[in-house]
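Coordinates in review
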Amino acid sequence: MSNPDELLVAVCAAVESERSNQMSLTVVVGGAVITGRLAPEAVWRERVAEVLKDSDRLGPFSDVFARGPRQDRTGHGEAPTHLHFHLARILQGSLGIPETGGMYRVAIKDVSAWTVGDLSYSDR
């Protein structure tokens, strides 16, 4: 979407302001279906930094994420520009990749479709 969906921006802003990570969402971005739970950006960055810090090869990159956003968007009247997913999967056929869920950052302006809820497939 060249113009971000105002309702999706409002959902993201609510996640940011409530500091909640319980909002499940499924989006279509560039033809890929991503499903999972949204997290506030600061929480998402903290978790990514923790994972990177524990890696021998990627540890130096943890500081990039630990620094946090330049400012709290919700506190300064700016609308969020990205969705921050955790426990998320890219759905491909009957598979969710990665199986255990991953951390994804998605530009709201790139979302072409979305729905509330976490989708999963079953072979039944």
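It should be noted that the structure appears before, not after, this text.
Residues numbered from 1 in each chain as written. Predicted model: local features only at pLDDT ≥ 70, side-chain atom pairs only at ≥ 80, totals over all residues. Heavy atoms only, no water.

Points about the packing of aromatic side chains
Using the criterion set out here, one finds 1 aromatic pair in the structure. Ring geometry for Trp44 and Phe65: centres 6.1 Å apart, planes at 65°, overall edge-to-face. Placement of Trp44 in helix H2 (residues 41-53) and of Phe65 in helix H3 (residues 62-66) is noted, with a sequence separation of 21 residues between them. Residue class for Trp44 comes out buried when judged on its relative accessible area of 7%. Under the relative-accessibility criterion, Phe65 is labelled partly exposed at 25%. (Phe/Tyr/Trp six-rings, centres within 6.5 Å; stacked < 30°, edge-to-face > 60°. Helix = DSSP H or I, 4+ residues; strand = E, 2+ residues; numbered from the N terminus. Buried < 20%, exposed > 50% of the residue type's maximum accessible area, 1.4 Å probe, protein only.)

A few points about unusual backbone geometry
Following Ile97, the chain continues to Pro98 via a peptide bond in cis, the omega torsion being -10°. By secondary structure assignment, the location of Pro98 is in strand S4 (residues 95-107). Positive phi is not limited to glycine here, since Leu87 has a value of about 50°. Relative to the elements of secondary structure, Leu87 occurs in strand S3 (residues 82-92). Judged by relative accessible area, Leu87 falls into the partly exposed class, the value being 41%.

Describing the sheet that holds strand S1 (residues 24-29)
An order of S4-S3-S2-S1-S5 is seen for the 5 strands of this open sheet, with the pairing classed as antiparallel. The sheet is open, and its two borders are formed by S4 and strand S5 (111-116), each paired with just one other strand. Between one strand axis and the next, the sheet turns by 30° as a mean value, whatever way the strands run. Direction of pairing for S1 relative to S5: antiparallel, over a ladder of 5 bridges. Its bridge partner lying in S5, Val28 is registered against Ala113. (Pairing = 2+ DSSP bridges. Axes fitted to C-alpha atoms, helices over the stretch in contact; angles between N-to-C directions.)

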